[in-house]
Amino acid sequence: MSQVLEVLRELGIDLDPQLYRLAVTHRSWAYENGGVPTNERLEFLGDAVLGVVVTEHLYLTFPDEPEGILAKLRAAVVNAQSLAAVARSLNLGHELLLGRGEATTGGRDKASILADTLEAVIGAVFLQCGIAPAGQFVHALFDAVVEEAATLGAGLDWKTSLQELSATLSLGVPTYQVTESGPDHDKRFEAYAVVGDEMYGPGRGLNKKQAQQEAAASAFTALKTVADTSHAAVVGGVGA
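Since this is a predicted model, take the numbers as computed values, not measurements. (Residues numbered from 1 in each chain as written. Predicted model: local features only at pLDDT ≥ 70, side-chain atom pairs only at ≥ 80, totals over all residues. Heavy atoms only, no water.)

Looking at the overall build of the protein
- Each helix and strand in the protein was counted, giving 11 helices and 3 strands.
- The helix and strand sequence of the protein, counted from the amino end, reads α-α-α-α-α-α-α-α-α-α-β-β-β-α.
- On the principal axes, the C-alpha backbone points of the protein span a range of 75 × 45 × 25 Å.
- The buried share of the protein, reckoned over its 240 residues, is 39%.
- Counting contacts in the protein only where the partners sit at least 6 residues apart, residues at least 24 apart contribute 55% of the total.
- Of the roughly 13000 Å² of accessible surface on the protein, 55% is carried by carbon and sulfur atoms. (Helix = DSSP H or I, 4+ residues; strand = E, 2+ residues; numbered from the N terminus. Buried < 20%, exposed > 50% of the residue type's maximum accessible area, 1.4 Å probe, protein only. Contact = heavy atoms within 4.5 Å. Areas by Shrake-Rupley, 256 points an atom, 1.4 Å probe, with all protein chains shown as cover.)

In C-alpha cells, the structure reads:
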C-alpha cells in the first residue's frame, strides 16, 4: 500500500481513490493522455492549507519569538526542498503519474514535482475532509521538520544571516556570482558569495537559491570565526 495512504489511514482518513489519483497526476501525464485534469488546482489549495497550519503551529509553539524569526522558521519548513524531503520519505515519487519524457529525465525525484504533489495531496485531504483532518495530516508530516528548523539558528536563512553579519562588520552588502551547467531538465548551479574583497564558496545546488544559500553558509561561518576571534582578542586585551 502507498505510504501516504498508510499515514492517512492511521489518522482515520480514508481518501477517495479518484481524488488521490488526481493529486498525483502531473501535467506531463495529462498532456500525454488526452488532456485529463492535473493536480495543479489541488496543489494551489494545499499550499494555502499547509501555510496556515504551519503558521498557526509556529505561533503557538514559539510564543516569545518575534515575527521575523517565525517567518524564517516557516520558510525553512515549507520550502520546496523541505517538502521534497518529506515526499521522498514517503516514496511519493513512485506513485506519480508522469509523462514518459518527464519520467525518463528524473522527474520522480525532482524537488519541484515532489513538493507540488505533496501539496496536492494535502489539498485533496482538505477538500474531502476539511481543515481539522488536513491539519492532522500536516502535523504528522511536518512537526518533526519544525523541531529541526528550530535548532538551525543562523542556518534558518544563511543569506539574511550573512547580510546582518556583514553589516555588523561594516563590510557592505554581500553579492553572489552564479554559474549554471547541464541540460535544461537537469540544471546544476554553483555560487560564490562576495563580501568586501573576498569570495566564499562554492555553494552548489539544483537551483540558484540553494547554491546561494550554501555559499552564504560558507561565508557566514568564515566571517563569524574572524569576528569571534577579534572579539576575544579585544576582551583579552581589556582584561589584561
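Focus: the pairing of strand β1 (residues 175-181)
- With 7 bridges joining them, β1 and strand β2 (residues 188-195) adopt antiparallel strand pairing. Looking across to β2, one finds that glutamate 180 is bridged to phenylalanine 189.
- The hairpin formed by β1 and β2 contains 6 residues between the paired strands, and glycine 182 there has a positive phi angle of roughly 95°. (Pairing = 2+ DSSP bridges.)

Points about the environment of threonine 55
- Secondary-structure assignment places threonine 55 in helix α4 (residues 40-61).
- Using a relative accessible area of 30% as the deciding quantity, one classes threonine 55 as partly exposed.
- Once the C-alpha coordinates of threonine 55 and leucine 70 are considered, the two residues, 15 residues apart in sequence, prove to be 8.0 Å apart.

Observations concerning the nonpolar core
- Within the largest apolar cluster, 49 residues are counted, with the highest numbers of intra-cluster contacts made by Phe137 and Phe142.
- If you list the elements that add at least two residues to this core, you get α1 (3-10), α2 (17-23), α4, α5 (67-78), α6 (80-89), α8 (111-129) and α9 (131-149).
- When residues no more than four places from it in sequence are discounted, the contact partners of phenylalanine 142 are Leu50, Val77, Leu83, Val86, Leu118 and Ile122.
- One finds Phe189, Tyr200, Ala215 and Phe220 within the second-largest nonpolar core, a separate group that totals 13 residues. (Core = buried A, V, L, I, M, F, W, Y, C linked by side-chain atoms within 4.5 Å.)

A closer look at the sheet that holds β2
- Strand order in the open sheet made by the 3 strands is β1-β2-β3, with antiparallel pairing throughout. The outermost strands of the open sheet, each flanked by one partner alone, are β1 and β3 (198-205). Recorded for the sheet is a direction-independent mean angle of 20° between the axes of neighbouring strands. (Axes fitted to C-alpha atoms, helices over the stretch in contact; angles between N-to-C directions.)

Some details on the side chain of lysine 72
- Inspection of the secondary structure assignment puts lysine 72 in helix α5.
- You can call lysine 72 buried: its relative accessible area is 18%.
- Discounting residues that sit within four places of it in the chain, lysine 72 has contacts with Leu156, Asp157, Thr160 and Glu164.

A look at the packing of α4 against α5
- It is at 10 Å that the axes of α4 and α5 come closest, and there the two elements cross at 135°. One element, α4, and the other, α5, form an angle in the oblique class. Crossing of α4 over α5 shows right-handed handedness. Of the residues in α5, those touching α4 at Leu50, Val54, Thr55 and Leu58 are Leu70, Leu73, Arg74, Val77 and Val78. (Parallel < 35°, antiparallel > 145°, perpendicular 65-115°, else oblique. Left-handed = near helix turned anticlockwise from the far one by under 90°.)

Observations concerning the pattern of salt bridges
- This model, assessed by the stated rule, comprises 9 salt bridges.
- Between glutamate 180 and lysine 187 there is a salt bridge, with its nearest N and O atoms 3.1 Å apart.
- When its relative accessible area of 48% is taken as the criterion, glutamate 180 is described as partly exposed. (Salt bridge = Lys/Arg side-chain N within 4 Å of Asp/Glu carboxyl O.)

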